[in-house]
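Commentary on secondary and tertiary structure
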Amino acid sequence: MIFKRHSDLPFERDQSTRFLPWIVALMVFLGVLMFAAALVVSDAVDTWDSTLTGRMTVQIPERVANPENTRSLAGLLQATAGVEDVRIVPDGEARALLIPWLGKEIVASGLPVPALIDIKIAPGARIDPVLLRARLAETVPDITVDDHRNWLSALITLARTAEILAFAILALIASAAIIAVIFTTRSGLAVHSAIIELLHQMGARDTYIASQFQLQALMLALRGGIAGALSATIVLLIFGWIGQGIEAAFLPKLSLSPLGWLALLLVPAGAVLIAMLTARMTVLRALARMP
Amino acid sequence: MLSFENVGMRYGVGPEVLRDISFKLAPGSFHFLTGSSGAGKTTLLKLMYLALRPTRGLVHVFDQDVSITPRTELPELRQKIGVVFQDFRLINHLTAVENVALPLRVGGARQSEIDSHVRELLSWVGLGERLDARPSTLSGGQQQRVAIARAVINRPKLLLADEPTGNVDDRIAVRLMYLFEELNKTGTTVVIATHNNALVEKFGHPVLRLDDGELTIRRKSDARGPM
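Residues numbered from 1 in each chain as written. Chains lettered and ligands numbered in written order. Predicted model: local features only at pLDDT ≥ 70, side-chain atom pairs only at ≥ 80, totals over all residues. Heavy atoms only, no water.

**Description of the environment of Asp65 of chain B**
All names here are of chain B. Within the element layout of this structure, Asp65 appears in strand S5 (residues 64-65). Under the relative-accessibility criterion, Asp65 is labelled buried at 15%. Between the C-alpha atoms of Asp65 and Ser3, which are 62 residues apart in sequence, the distance is 9.3 Å. When residues no more than four places from it in sequence are discounted, the contact partners of Asp65 are Leu58, Val59 and His60. (Helix = DSSP H or I, 4+ residues; strand = E, 2+ residues; numbered from the N terminus. Buried < 20%, exposed > 50% of the residue type's maximum accessible area, 1.4 Å probe, protein only. Contact = heavy atoms within 4.5 Å.)

**Looking at the interface of chain B and chain A**
Tallying the contact residues gives 30 residues for chain B and 27 residues for chain A. For the pair chain B and chain A, the summed buried area comes to about 2500 Å², and 57% of that belongs to carbon and sulfur atoms. With a shortest N-O distance of 4.0 Å, Glu76 of chain B and Arg205 of chain A are connected by a salt bridge. For the pair chain B and chain A, the number of links is 8 residue pairs in polar contact (both at pLDDT 80 or more). Listing elements by their share of the side of chain B that touches chain A, those giving two or more residues are helix H2 (74-78), strand S6 (81-84), helix H3 (96-106) and helix H4 (111-124) of chain B. No other element matches H3 of chain B, which puts 7 residues into the side of chain B that touches chain A. Taken together, the residues that form the side of chain B that touches chain A break down as 16 nonpolar, 4 polar and 10 charged. (Buried area = accessible area lost by both parts, 1.4 Å probe. Salt bridge = Lys/Arg side-chain N within 4 Å of Asp/Glu carboxyl O. Polar contact = N/O pair within 3.5 Å; in protein donor to acceptor, adjacent residues only side chain to side chain. Nonpolar A, V, L, I, M, F, W, Y, C, P; charged D, E, K, R; others polar.)

**Notes on the packing of aromatic side chains**
Residue and element names in this part refer to chain B. Scanning all chains against the criterion turns up 6 aromatic pairs over all chains. When the ring centre of Phe85 is taken as reference, the NZ or CZ atom of Arg89 above it lies at 4.1 Å. Over the aromatic face of Phe203 sits the side chain of Lys202, whose NZ or CZ is 5.9 Å from the ring centroid. (Phe/Tyr/Trp six-rings, centres within 6.5 Å; stacked < 30°, edge-to-face > 60°. Lys NZ or Arg CZ within 6 Å of the ring centre and 35° of its normal.)

**Some details on a nonpolar patch on the surface**
A grouping of Ile234, Ile238, Trp241 and Ile242 of chain A is seen on the molecular surface, where their side chains present a nonpolar patch of about 470 Å² in accessible area. Along the chain, the position of Ile242 of chain A falls in helix H8 (residues 206-243). (Patch = residues over 30% accessible without salt bridge, like charges linked within 9 Å, V, L, I, M, F, W, Y side chains within 5 Å. Areas by Shrake-Rupley, 256 points an atom, 1.4 Å probe, with all protein chains shown as cover.)

**A few points about the pattern of salt bridges**
Where charged atoms of side chains with opposite charge meet at close range, the side chains can pair. One pass over the structure, following the stated rule, counts 16 salt bridges over all chains. In this structure, Lys120 of chain A and Glu84 of chain A form a salt bridge, with 3.5 Å as the shortest nitrogen-oxygen distance. Of the two residues, Lys120 of chain A is situated in strand S3 (residues 115-121) and Glu84 of chain A in strand S2 (residues 83-89); the sequence distance between them amounts to 36 residues. A single network of salt bridges, built from pairs that share partners, joins Glu197 of chain A together with Asp87 and Arg89 of chain B.

**Observations concerning helix H5 (residues 129-137) of chain A**
Residue and element names in this part refer to chain A. Residues of H5 that are buried: Pro129, Leu132, Leu136 and Ala137. Looking down the long axis of H5, one finds its buried residues gathered within 130 degrees of arc, a one-sided arrangement. With respect to the buried face of H5, the exposed residues turned more than 90 degrees away are Val130 and Leu131. The inward-facing, buried residues of H5 contact strand S1 (55-60), helix H2 (67-78), S3 and strand S4 (144-146). For H5, the capping residue at the N-terminal end is Asp128, with a side-chain oxygen 2.9 Å from the backbone nitrogen of Val130. (Arc of directions from axis to C-beta.)

Worth remembering: the numbers are spatial, not functional.
Structural data, given as structure tokens:
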């Protein structure tokens with residue numbers, strides 16, 4: 001074979017391309033971390049949502065709580081249309097819920113704790129907590145019915161905002177990568193203008209020349225993309241390892257699912273694709289100005 | 001094959017470097033293009049090989065009006081034109097073989113075809129021993145022969161050469177002229193821009209003469225006369 005190289009253009013001597021892999025590596029590193037953060041937040045919101053949606057909690061203040069009251073309320077709830085399951089939360093379990101917030105000693109020192117009844121609502125059923133509370137209060141006054149909506153909706157809004165912010169930052173990172181590739185490609189076009197003019201005169205189609213820049217962008221972005229993705233993976237593994245030690249009952253599991261890890265591959269793949277397409281478009285636009 | 005009608009050319013807002021150029025080249029013809037330095041020979045060649053568009057007038061290449069030919073169809077026309085540049089324009093990081101093979105690659109030729117044709121032609125122009133040499137290691141004359149081989153490798157229908165014998169001795173110059181004539185005999189239309197009056201007289205082809213941006217044509221019988 002006469003040709004060992006793939007390009008008519010001496011890209012290996014082109015100083016302007018030297019920094020592109022580093023830029024892509026940095027972009028991919030940040031991109032993978034942002035995408036991972038977005039996925040974790042999204043998973044957390046889904047977990048909160050699926051755990052707490054479709055559930056209500058009836059609280060019976062300690063001063064009126066007794067086993068008889070609790071059982072009669074549970075019986076009423078069991079008979080309520082739309083209720084799938086009713087569970088009286090044992091006192092020990094209710095106290096355990098307070099330990100992360102107040103500490104073991106305070107909870108164990110005779111702190112008054114309300115009795116709790118956990119209600120699971122049948123899929124598709126809708127129960128108005130105000131009406132339910134009014135009905136139950138006829139049996140045991142001063143009870144409260146909590147459908148978790150108040151704090152859950154605020155938390156979900158916050159989490160969704162964080163998610164949108166993460167994706168917006170990803171978009172900014174992609175834009176910065178596009179700009180870097182455009183400048184590198186333009187610089188390459190200027191450096192190799194004599195050879196490009198020669199190929200053009202020989203009858204090379206614009207796509208013939210563009211494909212050489214495209215291949216070069218692919219190789220550089222691939223190098224940077226792999227380095228950036230590997231670095232980000234190491235950071236995420238370290239975070240995951242540190243996160244294992246955190247015990248917080250109110251926090252959902254902050255880790256990526258196997259599908260999430262796979263989804264992270266989209267970032268380097270996207271970076272390579274963006275680099276190739278940007279290089280191609282930049283060259284085609286520049287060549288279109290030639291006669 | 002090629003025709004110019006009242007063609008004028010100026011760069012930017014400068015004066016016209018070519019004025020009212022009109023001529024026709026028949027298929028298979030052989031012409032010399034002469035004129036003093038700065039007369040507009042290179043500009044005229046650039047118009048012929050479609051590197052420039054005229055500021056006025058009509059240029060037809062292979063019977064196509066280039067002013068209305070879509071840009072996407074121009075590469076096909078350019079592939080039928082071989083050009084020998086005055087400054088060779090060899091690609092320094094490619095070997096002699098790779099440089100000569102470029103037009104074939106651009107045209108999508110098969111690798112086996114490229115291998116045999118290129119080596120054969122380079123041997124014919126006396127560079128059989130320097131196939132894998134890079135241009136920077138070749139002498140001026142050798143570079144010129146590589147440039148000529150590259151221009152003729154795909155048997156162009158129109159060959160344009162700008163001072164192709166400028167850097168070679170008389171023996172090689174004559175040999176190169178024979179190569180052009182051989183190519184001409186196979187149907188290629190040839191235009192050679194040159195200052196070498198001896199060569200013009202020896203080969204006696206018609207002459208397109210440029211003086212101060214204006215063209216005069218001398219038929220074959222006149223060409224042997226004083227220029």
